[in-house]
Amino acid sequence: MLLAMADDVRVILIKLADRLHNLSTMQTMRADKRRRIAQETLESYAPIAHRLGLDYIYRQLQDLCFEQIHPWRAKILKEALKGNRQLKRELFGKTLTSIRDAFELAKIPVEVTGREKNLSSIYYKMQSKKLSLSNVLDVYGFRVIVDTRSNCYVCLGILHAMFNPVP
C-alpha cells in the first residue's frame with residue numbers, strides 16, 4: 001500500500017473507502033472472518049487513515065472494527081452512552097459556547113470544534129485505565145486551532161483559567 005501511495009495517493013483513498021464499505025456490510029460473514037478482517041483493518045488501514053489526517057474515516061474504521069471484535073461490549077456501551085446523552089449534549093453546547101466567548105473576549109482569532117469521542121476510544125480508555133463508564137470524564141473532545149504559537153499559549157492560559165488542568 002505504501003508503494004501504491006507513493007505513485008498516487010488516490011489509490012489509498014479508494015482502498016480506505018472500500019474497506020470502510022466492506023466493514024459496514026459484512027453482517028452475513030462468519031464471526032471469525034469478520035473479526036479477522038476487523039483486526040487487519042485496525043493494524044493496517046486505520047493507522048494509514050490516521051497518518052493521512054482522515055480523522056473521520058479513522059474513527060469510523062475504529063468503531064466498525066470494535067463492533068466486529070467486541071459486539072456485546074459495543075452494544076452495552078452504546079446503550080449506556082445513550083442514557084444520559086441529552087444532558088451531556090447540553091453541557092457540551094454550553095462548554096463550546098463559553099470557550100468561544102472567552103476567546104472572542106480576548107480578541108484571539110481561533111477555530112474551536114468539538115465532538116463526542118467514539119465508542120472504541122472510550123472502551124480502550126476504560127480498559128487501559130481500569131475505569132467504569134461513570135468514571136470516564138472526557139466523553140467529549142475539543143480542538144482549538146490558532147494562527148500563532150504565542151496565541152496557542154495565551155489560549156492555553158485562558159482554558160486553564162476556565163477549567164482545572166489535569167496533569
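For every chain, the first residue of the written sequence is number 1, and numbering continues from 1 along that sequence. With the structure being a predicted model, the display of local features is reserved for residues of pLDDT at least 70 and the display and counting of side-chain atom pairs for 80 or more, all residues being used for whole-chain, interface and lining totals. Side-chain numbers here rest on the full set of heavy atoms in the structure, without hydrogens or water.

Teacher, can you tell me more about the nonpolar core here?
For soluble globular proteins, nonpolar side chains are generally found buried alongside one another. If you look at the biggest cluster of nonpolar residues, it comprises 21 residues, and the most contacted ones within it are Phe66, Leu77, Leu81, Phe103, Ile122 and Val139. Under the DSSP-based scheme used, a helix requires at least four consecutive residues in state H or I and a strand at least two consecutive residues in state E, with every element numbered from the N terminus. Looking at this core, the elements that each hand over two or more residues are helix 5 (71-83), helix 6 (85-105), helix 7 (119-129) and helix 8 (149-162). Considering each element in turn, this core owes the most residues, 5 residues, to helix 6. The contact rule is simple, with two residues in contact once any of their heavy atoms fall within 4.5 Å. Among residues more than four places away in sequence, those in contact with Leu81 are Leu119, Ile122, Leu133 and Val139. Ranked by size, the runner-up nonpolar core spans 16 residues in total, among them Ile12, Ile37, Tyr45 and Leu61. Throughout, nonpolar core names a set of buried Ala, Val, Leu, Ile, Met, Phe, Trp, Tyr and Cys residues whose side chains join them through atoms within 4.5 Å. Each residue is placed in one exposure class: buried if its accessible area under a 1.4 Å probe, protein chains only, is under 20% of its type's maximum, exposed if it is over 50%, and partly exposed if it falls in between.

Help me understand the pattern of salt bridges, please; the structure alone is not making it clear to me.
Opposite charge on two side chains lets them pair, provided their charged atoms get close. Throughout this description, the term salt bridge denotes a Lys or Arg side-chain nitrogen within 4 Å of a carboxyl oxygen of Asp or Glu. Taken as a whole and assessed by the stated rule, the structure comprises 4 salt bridges. Between Asp32 and Arg30 there is a salt bridge, with the nearest N and O atoms lying 3.1 Å from each other. According to the relative accessible area criterion, Arg30 is exposed, its value standing at 56%.

Where do I start with helix 2 (residues 9-24) in this structure?
Between the first and last C-alpha of helix 2 there are 23 Å, a value that for 16 residues agrees with the 22 Å anticipated at 1.5 Å per step. Every buried residue of helix 2 is accounted for by Ile12, Leu16, Arg19, Leu20 and Leu23. For helix 2, the arc enclosing every buried residue in end-on projection is 100 degrees, short of the 170-degree limit, so these residues lie on one face. For helix 2, the exposed residues lying more than 90 degrees away from the buried face are Arg10 and Ile14. Helix span is expected to be 1.5 Å times the residue number reduced by one. Directions drawn from the helix axis to the C-beta atoms are what define this arc.

Honestly, unusual backbone geometry in this entry has me stumped. Any pointers?
What is expected of a backbone is that most residues other than glycine have negative phi and most peptide bonds are trans. A positive phi angle is found at Lys107, which is not glycine, with a value near 60 degrees. In this structure, Lys107 sits in the loop between helix 6 and strand 1 (110-116).

Please explain helix 7 as it appears in this structure.
For an α-helix, 3.6 residues make a turn, and residues three or four places apart therefore share a direction. Among the residues making up helix 7, those that are buried are Leu119, Ser120, Ile122, Tyr123 and Met126. Down the axis of helix 7, the buried side of the element spans an arc of 165 degrees, and every buried residue falls inside it. Projecting away from the buried face of helix 7 at angles above 90 degrees are the exposed residues Ser128 and Lys129. Positive phi appears at Lys130, one or two residues downstream of helix 7, with a value of about 55 degrees.

The analysis is restricted to geometry; functional conclusions fall outside its scope.
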